[in-house]
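Inside the fold
Single-letter residue listing:
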Amino acid sequence: MITWQRAYLVDTVPLLPLSSTEIKPELDSGGSDPSVQVSFSYRRFWYQKDRACIADICCCPSFLLAIAGPWLVILGAVKTQGTIVQRITSYEWLGCSRIYDDARVLRVSQILYALRLSVAELNTYYDKLTPPSVSKDCAHPLVFPAFTSFIDDHGQKTRFEYMQPLEPDSFQCVTFLARLLDGDRAGDRVVVKFVDRYSTDAHNLLAEHNLAPKLIHHQVLGPNYGALAMVIMDHIEGHALSELEFGEEDKTVIRETVRRALDMLNQEDLIFGDVRPPNVMLLDGEESMEERVRFIDFDWACKEGDGVRYPFHLSGAVCRASGAQDYDVITKAHQEAMFENFRF
């Protein structure tokens, strides 16, 4: 059974859901997970034509609740290039024990209280919703993150506007082209990236030697976002090595330049844990091949011995090139194995 919680009337849209609930008598009833079913219900609701006046101007944030017997899970959903649904809680048991049940009851109570406050805040969001302004050379804001400013090294707030995702065909894109709106560099294009790990030391070192774009800002987003951080760097015009074709002489020059960059990092006990052609760019221009090489991805760069790990669900390409497995500690041996397999 699906139920939509009533929110309020908006013009021709009779119902806007702040939350959707899928209810089943048990977890396996009907042969599917209720949290999956409620996700499809969310998508069906917002892709109907009579809701376009809302769906076309915002990402349609909603809470989704799935109940199966005594189990409850809460999810959050938004609509960008596609539908994104993430679990906010695990399945929580709502039954009662005879003894020593206080901690679990308090946990469930805190979750439901937080949901109550969140739904009220979401209601305010929809109450104040207005069509966003969109610059003619920018994509619609609903595909972009909410962060649109940072505090620079001088304590000044600098605003920016997103222009387009740098992986426009992926709703999992975390890297965006943007334009600065304030300060001496207003109008300059930058790249804004969201990461859960990043080596600013490695990035700055290579940038000092013109082997990486200038790092403008790095900011951990705070306790509400876990380890997530925002990285802002200069935008550079060029192509990844994986997108280009080279003669043997040019390949040799590029490999030597990559080797020189890795040696610079290693002299400072830094490791670059993802030495692959998609993470090295060649700038457009007439300069020598050596002068145009730029490293662009420092998510898996780190200080040797710091215990930084590769994430789970490594791609086969990374495993084959580095010899690493899911959640391995990143080592210099992985870097060197990748360099030995550095083909483009």
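Reference entry: report on the structure contained in this document. A quick note: this is a predicted structure, and the numbers were derived from the prediction, not measured.

Procedures and definitions
- Sequence positions are assigned chain by chain, starting from 1 and proceeding in written order.
- Predicted model: local features are reported for residues with pLDDT of at least 70 only, side-chain atom pairs are reported and counted for 80 or more only, and whole-chain, interface and lining totals are derived from all residues.
- Values shown for side chains rest on all heavy atoms present in the structure; no hydrogens or waters enter the calculation.
- Pairing between two strands requires that DSSP report at least two bridges joining them.
- What counts as a helix is a DSSP run of H or I of at least four residues, what counts as a strand is a run of E of at least two, and both are numbered from the N terminus.
- Helix axes use the C-alpha atoms of the stretch in contact, all axes being lines fitted to C-alpha atoms, and the angles between their N-to-C directions lie in the range 0 to 180 degrees.
- By convention, a stacked pair of Phe, Tyr or Trp rings (six-membered ring in the case of Trp) has centres within 6.5 Å and planes under 30 degrees apart, an edge-to-face pair has planes over 60 apart, and any other such pair is tilted.
- Think of it as a cone above the ring: NZ of Lys or CZ of Arg counts as a charge over the ring if it is within 6 Å of the ring centre and within 35 degrees of the ring normal.
- Contacts: residue pairs with any heavy atoms within 4.5 Å of one another.
- Accessibility here uses a 1.4 Å probe with only protein chains present; expressed as a share of the type maximum, an area under 20% marks a residue as buried, one over 50% as exposed, and anything in between as partly exposed.
- In what follows, a disulfide is any cysteine sulfur pair within 2.5 Å.
- Here a salt bridge means any side-chain nitrogen of Lys or Arg lying within 4 Å of a carboxyl oxygen belonging to Asp or Glu.

This paragraph deals with the sheet that holds strand β8 (residues 157-165). The strand order β7-β8-β9-β10-β12-β11 describes an open sheet built from six strands, whose pairing is antiparallel. Two strands lie at the open edges of the sheet, namely β7 (149-151) and β11 (215-220), each paired on one side alone. Within this sheet the neighbouring strands show an average axis-to-axis angle of 30°, counted without direction. Alignment of β11 against strand β12 (residues 229-234), held across five bridges, turns out to be antiparallel. What sits directly across from Val 220, in β12, is Ala 229.

The next thing to look at is the packing of aromatic side chains. Taken as a whole, this structure holds 18 aromatic pairs when the rule is applied. Three or more aromatic residues joined by ring pairs form one cluster here, namely Phe 144, Phe 147, Phe 150, Phe 160, Tyr 162, Phe 176, Phe 194 and Tyr 225. If you follow Lys 79 out to its NZ or CZ, it ends over the ring of Tyr 47, 5.5 Å from the centre. Arg 255 extends its terminal NZ or CZ atom over the ring of Phe 339, reaching a point 4.5 Å from the ring centre.

Within the open sheet, the three strands sit side by side as β13-β15-β16. Their pairing is antiparallel. A single partner strand is all that each edge strand has here, and the edge strands are β13 (238-240) and β16 (293-295). Pairwise comparison of adjacent strand axes, ignoring direction, gives a mean angle of 30° for this sheet. Judged from the three bridges that link them, β13 and strand β15 (residues 280-283) form a sheet pairing that is antiparallel. Across the sheet, residue Gly 238 finds its bridge partner in β15, namely Leu 283. In this fold helix α5 (residues 248-267) packs onto β15 and β16, with an angle of close to 40° to the strand it touches most, β16.

Its identity as a non-glycine residue notwithstanding, Cys 60 has a phi of 55°, on the positive side. Residue placement: Cys 60 occurs in the loop between α2 (52-55) and β3 (62-68). Among the residues examined, Cys 60 registers a relative accessible area of 0% and is labelled buried. A positive phi angle is found at Tyr 327, which is not glycine, with a value near 65°. As for its position among the elements, Tyr 327 is in the loop between α6 (316-322) and α7 (332-340). We classify Tyr 327 as partly exposed; its relative accessible area is 40%.

Next up on the list: the state of the cysteines. Going through the model one piece at a time under the given rule, you end up with zero disulfides. Its sulfur unpaired, Cys 53 is 9.8 Å from the next cysteine sulfur, which belongs to Cys 58. Looking at Cys 173, it has no disulfide partner, and the nearest cysteine sulfur is the one in Cys 138, 15 Å off.

Pairs can form between side chains of opposite charge whenever their charged atoms are close. Throughout the structure, instances matching the rule amount to 17 salt bridges. Note that Arg 107 is salt-bridged to Glu 92, the shortest N-O span being 2.7 Å. Taken together, the residues span a long stretch of sequence, with Arg 107 in helix α3 (residues 102-127) and Glu 92 in strand β6 (residues 92-93) at a distance of 15 residues. Look at Arg 107 and you get partly exposed, because its relative accessible area is 41%. Exposure remark for Glu 92: the relative accessible area of 9% places this residue in the buried category.

This part is about helix α4 (residues 200-208). Buried residues of α4: Ala 202, His 203, Leu 205, Leu 206 and Ala 207, and no others. In this fold, the buried residues of α4 make contact with β11, β12, α5, β14 (270-272), β16 and β17 (301-303). At the exit of α4 stands Asn 210, carrying a positive phi of roughly 55°.

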